[in-house]
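A look at the structure
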Protein chains: 2
Amino acid sequence: MEIKKISSAVIKRLPRYYRYLGDLLEKDVVRISSRELSEKMGVTASQIRQDLNNFGGFGQQGYGYNVEHLYHEIGKILGLEHKYNIIIVGAGNLGQALANYASFEKRGFYIKSLFDVNPRLIGLSIRGIEIRDIDEMEKFVKEHDIQLAVLTLPKMKAPKIANDLVKWGIQAIWNFSPIDLNVPSDIVVENVHLLESLMTLSYTLNEKLKKDKEKK
Amino acid sequence: MEIKKISSAVIKRLPRYYRYLGDLLEKDVVRISSRELSEKMGVTASQIRQDLNNFGGFGQQGYGYNVEHLYHEIGKILGLEHKYNIIIVGAGNLGQALANYASFEKRGFYIKSLFDVNPRLIGLSIRGIEIRDIDEMEKFVKEHDIQLAVLTLPKMKAPKIANDLVKWGIQAIWNFSPIDLNVPSDIVVENVHLLESLMTLSYTLNEKLKKDKEKK
């Protein structure tokens, strides 16, 4: 399959297509028209056709899309046919919550260990995944071919740990620490800044409440 | 202060400005030039000036920005001078992790209760915040002036609960459930789809690994 250069806007929409197609697969839906998919997803059918045409266009006139085929092709584009070995650094509630997401493994993300400094946590297991002393992290990363680290550390600790991880060969960081990491540009960083997401919500809510008041 | 209609791209950048200014405040920095701020944030100084000019432009030629003033003004724009009463629906690891974020309260987000169906969780407290039976939720929402609900429910349960919450007067939903909620358009919804964030990372990581291979 020939793949053209794809815009980042399209890329950002792919996981959502993947989620909807996965839901359809679970319901044993074999095929779907772009019109039906567009109604479900609340986007236009032409947007869907355009987006999917980037990957050769999996649809057929009068048939629509084969759900399973499209699901797997999008999965491939998203890099989900690979297996990624992950560690979670910071085994507090959030780290534990992430370790509990069995759905990550279904998509090829294997959490190999958690790490923490807290002696009360070290030695415990989450779904069979051990929490280890952060002092053992260097050895572990090097011996277990870890590509991806999830950071759920306080903002003061995150930068140093991120730098160490890069030194030890980590390729990507999924960062939940409320700080922007200063790592080399070839390291993939995806930030989840929860407080900022809540502030975006608060902005919109505040605007709505102001408008509601004006109407009265 | 006169506020112009602000683009959503600017809004999305505001929480990040707010975070950097908060960090500067903590370090007792009184003023900062747009050039210094731009170096810290990795954006251009002209972007910063343009963004902040939307709000009347708080900078002064030759002086820069007063950190505390700008911090508070952006806070106001983000609706952070208000207090919001929140409940968390779903008191598993993620719900508990969110209840543990003391930083939410500092910004005016008060978590009043968690709710769950699990009898082993009901009656427990996180930082003094009680986990209640989900059957008590309607009464609680109505009696405690709850504006905002955080959903950390499995995707099968989220749609019904979201509809109930809207019926009971909830104005905004911070949704961590892996599903798009179908609520009236005047309800504010902010989604945090963790698996989709991880897939975006996986796409970029996969592209990088492919390129690394080609180079060899």
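Now for a look at the structure at hand.

Calculation criteria
Throughout, a residue's number is its position along its own chain's written sequence, starting from 1. Chains and ligands are labelled sequentially in the order written, the chains with letters from A and the ligands with numbers from 1. In keeping with the predicted nature of the model, local features appear solely for residues at pLDDT of at least 70, side-chain atom pairs appear and are counted solely at 80 or more, and the whole-chain, interface and lining totals rest on all residues. Hydrogens and water are ignored here; the side-chain numbers use all heavy atoms of the structure. Whether two strands pair depends on DSSP finding at least two bridges between them. Secondary structure elements are defined from DSSP: runs of H or I of at least 4 residues count as helices, runs of E of at least 2 residues count as strands, and each element is numbered from the N terminus. By definition in these notes, contact holds between two residues if any of their heavy atoms fall within 4.5 Å. Only the stretch in contact is used when fitting a helix axis, every axis being a line fitted to C-alpha atoms; angles between N-to-C directions are given from 0 to 180 degrees. Given the number of residues in a helix, its expected span is that number minus one, multiplied by 1.5 Å. Bend is the name given here to the angle between axes fitted to two runs of seven residues, the run ending at a residue and the run starting at it. Burial classes: relative accessible area under 20% of the type maximum marks a residue as buried, over 50% as exposed, and values in between as partly exposed (1.4 Å probe, protein chains only). Residues reaching a pLDDT of at least 70 in both copies supply the C-alpha atoms on which the copies are superposed by least squares. Polar contacts, as counted here, are pairs of nitrogen or oxygen atoms within 3.5 Å of one another; within protein the pair requires one atom able to donate a hydrogen and one able to accept it, and residues that are adjacent in sequence qualify only if both atoms are side-chain atoms. Only one rule defines a salt bridge in this text: a Lys or Arg side-chain nitrogen within 4 Å of an Asp or Glu carboxyl oxygen. Only buried residues count toward a nonpolar core, which is a set of Ala, Val, Leu, Ile, Met, Phe, Trp, Tyr and Cys residues joined through side-chain atoms within 4.5 Å. Whether two aromatic rings pair depends on their centres lying within 6.5 Å, for rings of Phe, Tyr and Trp, where Trp uses its six-membered ring; planes under 30 degrees apart make the pair stacked, over 60 edge-to-face, and the rest tilted.

What to know about the sheet that holds strand β6 (residues 129-133) of chain B
What holds strands together in a sheet is hydrogen bonding between their backbones, with the strands either parallel or antiparallel. Residues and elements named next belong to chain B. Ordered in space as β5-β6-β4-β3-β7-β8-β9, the 7 strands form an open sheet in which the pairing is mixed. Every interior strand has two partners, whereas the edge strands, β5 (125-126) and β9 (188-191), have only one. Here 6 bridges tie strand β3 (residues 84-89) to strand β4 (residues 109-116), and the two strands are oriented parallel to one another. Directly across from I87, in β4, lies its bridge partner S113. Against the sheet, helix α8 (residues 158-167) contacts β3, β7 (148-151) and β8 (172-175), and its axis sits at roughly 175 degrees relative to β7.

Thoughts on helix α1 (residues 8-26) of chain B
Here α1 of chain B contains 19 residues, and its C-alpha end-to-end distance of 28 Å stays within 8% of the 27 Å for a straight helix at 1.5 Å per residue. Roughly 25 degrees is the biggest bend found in α1 of chain B, and it falls at L14 of chain B, with proline P15 of chain B one to four residues downstream. Of all the residues in α1 of chain B, the buried ones are V10, I11, L14, P15, Y17, Y18, R19, Y20, L21, G22, D23 and L24 of chain B. Those residues of α1 of chain B that are buried lie in contact with α9 (194-215) of chain A together with β1 (31-32), α2 (34-41), α3 (45-53) and α4 (67-77) of chain B. At the exit of α1 of chain B stands D28 of chain B, carrying a positive phi of roughly 60 degrees.

A word on the relation of the copies chain A and chain B
In this arrangement, two copies of a chain are superimposed by a rotation about an axis accompanied by a shift along the axis. In the superposition of chain A on chain B (RMSD 0.0 Å, axial shift 0.0 Å), the rotation amounts to 180 degrees. Overall, the copies show the geometry of a two-fold rotation axis. Residue by residue, 100% of the interface of chain A is reproduced at the interface of chain B, so both copies engage with the same surface.

Focus: the side chain of Q96 of chain A
Following the sequence through the fold, Q96 of chain A ends up in helix α5 (residues 93-99). One polar contact links the side chain of Q96 of chain A to the main-chain carbonyl oxygen of A91 of chain A, over a distance of 3.1 Å.

Let's talk about the pattern of salt bridges
The tally for this structure, following the rule as stated, stands at 33 salt bridges over all chains. In this structure, D51 of chain A engages R13 of chain A in a salt bridge whose closest nitrogen and oxygen atoms are separated by 2.8 Å. Of the two residues, D51 of chain A is situated in helix α3 (residues 45-53) and R13 of chain A in helix α1 (residues 8-26); the sequence distance between them amounts to 38 residues. The class of D51 of chain A is buried, set by a relative accessible area of 2%. Under the relative-accessibility criterion, R13 of chain A is labelled partly exposed at 28%. Among the salt bridges present, the one from K155 of chain A reaches D23 of chain B, with a minimum N-O distance of 2.7 Å. Placement of the pair is K155 of chain A in the loop between β7 (148-151) and α8 (158-167) and D23 of chain B in helix α1, with the two residues belonging to separate chains.

Regarding unusual backbone geometry
Backbone geometry follows two general trends: most residues other than glycine have a negative phi, and most peptide bonds adopt the trans configuration. Phi at R127 of chain A takes a positive value of approximately 50 degrees, unusual for a residue other than glycine. Looking at the secondary structure, you find R127 of chain A in the loop between β5 (125-126) and β6 (129-133). In the Ramachandran plot, D145 of chain B falls in the positive-phi region, its phi being about 50 degrees despite a non-glycine side chain. Tracing the backbone through its elements, the reader meets D145 of chain B in the loop between α7 (137-143) and β7.

Observations concerning the environment of L181 of chain B
All names here are of chain B. Looking at where L181 falls in the secondary structure, it is placed in the loop between β8 and β9. It is 25 Å that separates the C-alpha atoms of L181 and R13, two residues lying 168 residues apart in sequence. In contact with L181, other than residues within four places in its own chain, are L151, A158, P159, A162, I173 and N175.

A few points about the nonpolar core
Of all hydrophobic cores here, the largest spans 104 residues; its most connected members are W174 of chain A together with W174 of chain B. When near neighbours in sequence (up to four residues on either side) are disregarded, W174 of chain B contacts L194, S197, L198 and L201 of chain A together with L98, F104, L148, A149, V150, L151, E190 and V192 of chain B.

Section: the packing of aromatic side chains
Per the stated rule, a full pass over the model turns up 12 aromatic pairs over all chains. Here the aromatic rings of Y18 of chain A and Y71 of chain A are separated by 4.3 Å at their centres, their planes lie at 10 degrees, and the arrangement is stacked. Here the residue Y18 of chain A occupies a position in helix α1, and Y71 of chain A occupies one in helix α4 (residues 67-77), the gap between them amounting to 53 residues. You'll find Y18 of chain A and Y71 of chain A in the same group, each marked buried. Centre to centre, the rings of F115 of chain B and F140 of chain B are 5.5 Å apart; their planes meet at 75 degrees, and the pair counts as edge-to-face. You can see F115 of chain B sitting in strand β4 and its partner F140 of chain B sitting in helix α7, a full 25 residues away along the chain. Each member of the pair, F115 of chain B as well as F140 of chain B, carries the same accessibility label: buried. One aromatic cluster is present, built from ring pairs that chain together Y101, F104, W174 and F176 of chain A.

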